[in-house]
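# Results of the structural survey
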Amino acid sequence: MNVCKICVRHTFRTFFRRFIKIAIAAALLLGLILALGKGYQISDRDPERGAIPINNGAMNEDYKTPDYLSQGWDNAGSLWFYNTTQGSDLIPYDFFMVLEKIDSVCPSPAIIDMESDISHCLFRANDNIDQYRYLPQNATRFNPDSLPVGFVKDNYDGMDYVGYTCAACHTGQVNYQEKAIRIDGGPAMADMVSFLTDLEITLRATLNDSEKRNRFIQNVLHRHDKDTFTSAGGNYDSAETIKKDLETWTNRIALYNTINHSTTDYGYARLDAFGRIYNRVLEHIINKEQAITQMAMVKKPGTNESLLSIEHIDKVVEGLNDIILGEAGFEKIIARLQSHQPGYPALSDDELLLVREHIFNEPDAPVSYPFLWDIAQSDYVQWNGLAANAGIGPLGRNTGEVIGVFGKLDWAEEKPSLSNFFHLNLAASISGQKSKRHYINFKSSIDKVNLKRLESHLRELQSPMWPDGCNNLDSDEPPFDCYATPKGQRNVQMDDDERPKDILPDINLAEAKKGRFIYAEYCQSCHEVIDRSDWDRKVIGKMMKVEAINTDPSMAVNGATYKGSSGNFTHIYQDTDVGPVILEENAPVVQTLTAATRGVIATRDYDKMFLRRWGDWLYALGGSILDNDIKASIKVGDYQSDSTAQPYSSLIAYKARSLNGIWATGPFLHNGSVPTLYDLLLPHKNADDPTFDDEGNAIEYRPTEFLIGARELDPVRVGFKSSGYNGFNYQTAIAGNANTGHEYAAGRTPQLGKDKPLPALNKAQRMQLLEFIKTL
């Protein structure tokens, strides 16, 4: 017996020692991997951060190489943010690299160098990219092919794609007298809709023009020789495959543009991101029977007669998957609806949009791209406060964003299996499908590891501070009055000789000091003053119901009320703040998006090796929770509480953001309907408002029409130049574009908790307030 005990103890000790050694080795290996990863992350240190000067640019712009303010990121931090994929796959990378402009001819085979004249024939040429107000870049280590800011290579299932990353929509720039300041995390001036429309037209021209198509094929094949290009070689070695994929991706971009066609022109600096995310989810969720039902309900304009016969519909959906149609299914539906072959309905473009309106929702509520500083410190995010920032919330929010910007969604029916039978399919359980006979497999290109890393990176981002604002002080130590942060901190990452100087006019500190008291009375109850350098700061979003703030309601109403077929999510249970709900066959899309996002998060990346697949998944989920110190909390503000009858009432509201760095984020209000902060302090002109005062002087009102697209700053009125160039003509009379509401300074909108508004500010007070806001 004693011998047995000794043997057991010896065996246990041996096992324990081996376990300790293995654990130490695993910890050392993990530490090494993390150290190497961090070392790689900071390895691109281009001194200009890839930024380039522009001569004879769009909107008559000329500027020198942009400067950077101190926002908490060094050169490597900016470049990593610009060039880190989140899993967006717009089109094959090889295609984007050699795609010609519609009216250009490139050499064949092309040896393309962005420094040479050859590059001007390309769709991705700097002059063309600048037209859409994306930011051209030089080649750097992370960006060897000189892609614009926020355009990045992604590899998924062995194929390279070009896609968007966060920086494309959330990197801004401010110009002043041929000088430029790059704003990390700022709203982009980009016109994504025009870019995608022209991309479709250019791809279609390449497909249909035999000479252009042959040059394209030769140039793509030439990329297969990786020694010819600055990045790795291309994926294609077959002309037939190139031609086939060219048709596929042309139709895919056309499908996206058709589904998301809007009668409201967005112009620059705006996008209806929610509407487009909602539509992509519906596209990949709806089943065949629901599509049949929706198409059968479409009527001819002005009549009660069905647009499509039963025979037409049966022909259109013939051979499609019963459980999930997906992108490929809808490509066939669109093509068949417009086909002139026998048995098909041969719909016109206008008739096709009638079908679209029954299956999808028109994304007709464009909003400005929000700035990203303080996002990781906020309790709720998005214009309508949809996304709680606690726990795994940021990963869910970012997953939804990638769904909207061309994450490749290979969602498909999953056949019954043993794990399904015992409800061991985590994605099915978390997304609410565990009681279903069939599951949706949420395989996708969405890079959850990088989404977690990008969100963590944003914790270090700080708002931009007006350069040179304290230069007219006699004291070496900035007082409280210089900048609104308690210690007057500025440019904490830069030495004095590195700080940009002589770019913008100095702040009038005497006027700013007066404006500070006006801000405290008129603004601070909703817009708290933020110390941007406080690592533990919390930013509370004050929610205001649409009826109280009276700004354009379209975005908030659409977000809460848009509905669509729920596909395999029909009759699943889903938690809300007021209790569980059962998804109807025609359900609010916010419910469907929530279920789909949960499914994606719970799905491992099956294009990766087994150990990495599980390791990455655990890192993304565990890290997102452990690295997030935002706790669950109720919303603050004046909004309609959710109820059992209306579980999403609280979303018909808008969030009051912190205003630090607001000077660099025009145009203003959530829908970009006000060009400058000075204009925001003016009243909206109602039909019965007088044009002149009692003394015959013209009364100032917010402009009802202005231009948008230029980045030239007006430092007096604080906003971008809004006249005198060929920009997008913004008209506030159009639905979704209203510039009403938020008229606190005009003496019309009562403050939070007040019955009556404060007195209107006069012009001198408005200017004092603006001087203070520049200090935030």
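Being a predicted model, the structure only gives us computed values, none of them experimental.

### So, the overall build of the chain
Regarding its fold elements, the chain presents 24 helices and 23 strands. In the chain, which comprises 776 residues, the share counted as buried stands at 56%. Excluding contacts between residues fewer than 6 apart, the proportion of contacts in the chain whose partners are at least 24 apart in sequence is 73%. Total accessible area on the chain stands at roughly 33500 Å², and carbon and sulfur atoms take up 53% of it.

### Some points on the side chain of Asp379
With respect to the helices and strands, the residue Asp379 is situated in the loop between strand S8 (367-368) and strand S9 (380-381). Buried and without a salt bridge, Asp379 has Lys655 as its closest oppositely charged side chain, separated by 6.1 Å. Apart from the residues within four sequence positions on either side, Asp379 is in contact with Ala387, Ala388, Asn389, Val539, Ile540, Gly541, Ile630 and Ser633.

### Digging into the pairing of strand S3 (residues 151-156)
Two strands pair when backbone bridges link them, and S3 and strand S4 (residues 159-164) are joined in this way by six bridges, in the antiparallel orientation. Its bridge partner lying in S4, Tyr156 is registered against Met159. Here S3 hands over to S4 after two residues, with Asp157 in that stretch at a positive phi of 55°.

### Points about unusual backbone geometry
Here the residue pair Gly666 and Pro667 is connected by a cis peptide bond, since its omega of -5° sits within 30 degrees of zero. Take Pro667: it is sitting in the loop between strand S19 (653-656) and helix H23 (677-680). With a phi close to 70°, Ala269 is a non-glycine residue in the positive phi region. Judged by its relative accessible area of 4%, Ala269 falls in the buried class. The phi angle at His742 is positive, at roughly 50°, despite the residue not being glycine. You can see His742 is positioned in the loop between strand S23 (728-731) and helix H24 (763-774).

### Details of the sheet that holds strand S6 (residues 179-184)
Taken in spatial order, the three strands of this open sheet run S1-S6-S5, and their pairing is mixed. Whereas interior strands pair on both sides, the edge strands pair on one side only; in this sheet they are strand S1 (67-68) and strand S5 (171-176). As judged from the six bridges shared by S5 and S6, these two strands associate in the antiparallel manner. Within S6, the position partnered with Gly172 by the bridge is Ile183. Each of S1, S5 and S6 touches helix H2 (residues 75-82); the most contacted strand, S6, lies at about 70° to it.

### Side note on the pattern of salt bridges
Once the charged atoms of two side chains with opposite charge are near each other, the side chains can pair. Applying the stated rule across the entire model yields 32 salt bridges. Residue Lys608 pairs with Asp605 through a salt bridge whose shortest N-O separation is 3.1 Å. Accessibility expressed as a relative area gives 10% for Asp605, which makes it buried. Here Asp616 ties to Arg612 by a salt bridge, and the two come within 3.1 Å at their closest N and O atoms. Pair noted here: Asp616 and Arg612 are both in helix H22 (residues 610-626), with a separation of four residues, about one helical turn. Judged by its relative accessible area of 16%, Asp616 is buried.

### Examining the state of the cysteines
Applying the stated rule across the entire model yields one disulfide. Here Cys106 engages in a disulfide with Cys121; their sulfurs sit 1.8 Å apart. When the S-S torsion is 110°, as for the bridge of Cys106 with Cys121, the disulfide is right-handed. One end of the pair, Cys106, is in the loop between helix H3 (93-98) and helix H4 (126-131); the other, Cys121, is in the loop between H3 and H4, with 15 residues separating them in the sequence.

### Let's talk about the packing of aromatic side chains
Inspection of every chain in the model, using the stated rule, returns 25 aromatic pairs. Here the aromatic rings of Tyr134 and Phe151 are separated by 5.0 Å at their centres, their planes lie at 85°, and the arrangement is edge-to-face. With Tyr134 in the loop between H4 and S3 and Phe151 in strand S3, this pair connects stretches of sequence that are 17 residues apart. A single burial state applies to Tyr134 and to Phe151, both of which are buried. Seen in terms of ring centroids, Tyr134 and Tyr164 are 6.2 Å apart; in terms of plane orientation they differ by 40°. Their pairing is tilted. Residue Tyr134 is located in the loop between H4 and S3, and its partner Tyr164 is located in strand S4; the two are separated by 30 residues in the primary sequence. Tyr164 sits in the buried class, given a relative accessible area of 1%. What links up through ring pairs into an aromatic cluster is the set Phe96, Phe123, Tyr132, Tyr134, Phe151, Tyr164, Phe195, Tyr256 and Phe406. The ring of Tyr93 has Lys153 sitting right over it, with the charged end atom 4.5 Å from the ring centre. Between Arg604 and the ring centre of Trp617, over which it is positioned, the NZ or CZ distance is 5.3 Å.

### Points about the sheet that holds strand S18 (residues 636-638)
Strand order in the open sheet made by the three strands is S18-S13-S19, with mixed pairing throughout. This sheet does not close on itself; its edge strands, each paired only once, are S18 and S19. Geometrically, the sheet is characterised by an average inter-axis angle of 25° between neighbouring strands, direction not taken into account. The sheet contact formed by strand S13 (residues 542-545) and S18 spans three bridges and is parallel. Paired with Lys542 across the two strands is Val636, which belongs to S18.

### Describing H24
For H24, with twelve residues, the first-to-last C-alpha span of 17 Å sits near the 16 Å given by 1.5 Å per residue. Taken residue by residue, H24 has Arg766, Gln768, Leu769, Leu770, Glu771, Phe772, Ile773 and Lys774 as its buried positions. Buried residues along H24 sit against helix H18 (509-522) and H23. Taking the backbone nitrogen of Ala764 as reference, a side-chain oxygen 3.2 Å away marks Asn762 as the first, capping residue of H24.

### Looking at the nonpolar core
Core analysis: the biggest nonpolar cluster contains 69 residues, and Phe81, Ile183, Leu504, Tyr519, Trp663, Leu677 and Leu769 have the highest contact counts within it. Per element, the largest residue contribution to this core is five residues, and it comes from H18. With residues up to four places along the chain from it excluded, the contact list for Ile183 reads Leu69, Gln71, Thr171, Gly172, Gln173, Val174, Trp373, Pro464, Trp663 and Ala664. Core analysis: the next-biggest nonpolar cluster, separate from the first, contains 65 residues, Val316, Phe442, Ala587 and Tyr648 among them.

### A short note on the side chain of Gln294
Relative to the assigned elements, Gln294 resides in helix H10 (residues 288-296). For Gln294, a relative accessible area of 12% corresponds to the buried category. Leave out the neighbours within four places in its chain, and Gln294 touches His358, Ile359 and Ser565.

What counts as what
- The numbering scheme is per chain: residues are counted from 1 as the chain's sequence reads.
- Local features in this predicted model are restricted to residues of pLDDT 70 or higher, and side-chain atom pairs are both shown and tallied only at a pLDDT of 80 or more, whereas totals for entire chains, interfaces and linings draw on every residue.
- As a convention, hydrogens and water are excluded, and side-chain values are obtained from all of the structure's heavy atoms.
- Counting from the N terminus, the helices are the DSSP runs of H or I reaching at least four residues and the strands are the DSSP runs of E reaching at least two.
- Burial classes: relative accessible area under 20% of the type maximum marks a residue as buried, over 50% as exposed, and values in between as partly exposed (1.4 Å probe, protein chains only).
- Here, residues are in contact when the closest pair of their heavy atoms is within 4.5 Å.
- Computed by Shrake-Rupley with a 1.4 Å probe, the accessible areas treat only the displayed protein chains as cover when residues are assessed.
- Asp and Glu are treated as the negative residues and Lys and Arg as the positive ones, with His and the ends of the chain left uncounted.
- The salt bridge criterion pairs a side-chain nitrogen of Lys or Arg with a carboxyl oxygen of Asp or Glu, the two atoms within 4 Å.
- When DSSP finds at least two bridges between two strands, those strands are taken to pair.
- In this analysis an axis means a line fitted to C-alpha atoms, helices contributing only their contacting stretch, and an angle means the value between N-to-C directions, from 0 to 180 degrees.
- Pairs of cysteine sulfur atoms within 2.5 Å are what we label disulfides.
- The criterion for an aromatic pair is that two Phe, Tyr or Trp rings (for Trp, the six-membered ring) have centres within 6.5 Å, with stacked assigned to planes under 30 degrees apart, edge-to-face to planes over 60 apart and tilted to the rest.
- Whether a charge sits over a ring comes down to the Lys NZ or Arg CZ being within 6 Å of the ring centre and within 35 degrees of the ring normal.
- Here the expected length of a helix is defined as 1.5 Å per residue gap, with one fewer gap than residues.
- Polar contacts here mean pairs of N or O atoms no more than 3.5 Å apart (in protein, one a potential hydrogen donor and the other a potential acceptor; neighbouring residues in sequence count only if both atoms are side-chain atoms).
- We call a set of buried residues a nonpolar core when its members are Ala, Val, Leu, Ile, Met, Phe, Trp, Tyr or Cys and they connect through side-chain atoms within 4.5 Å of each other.

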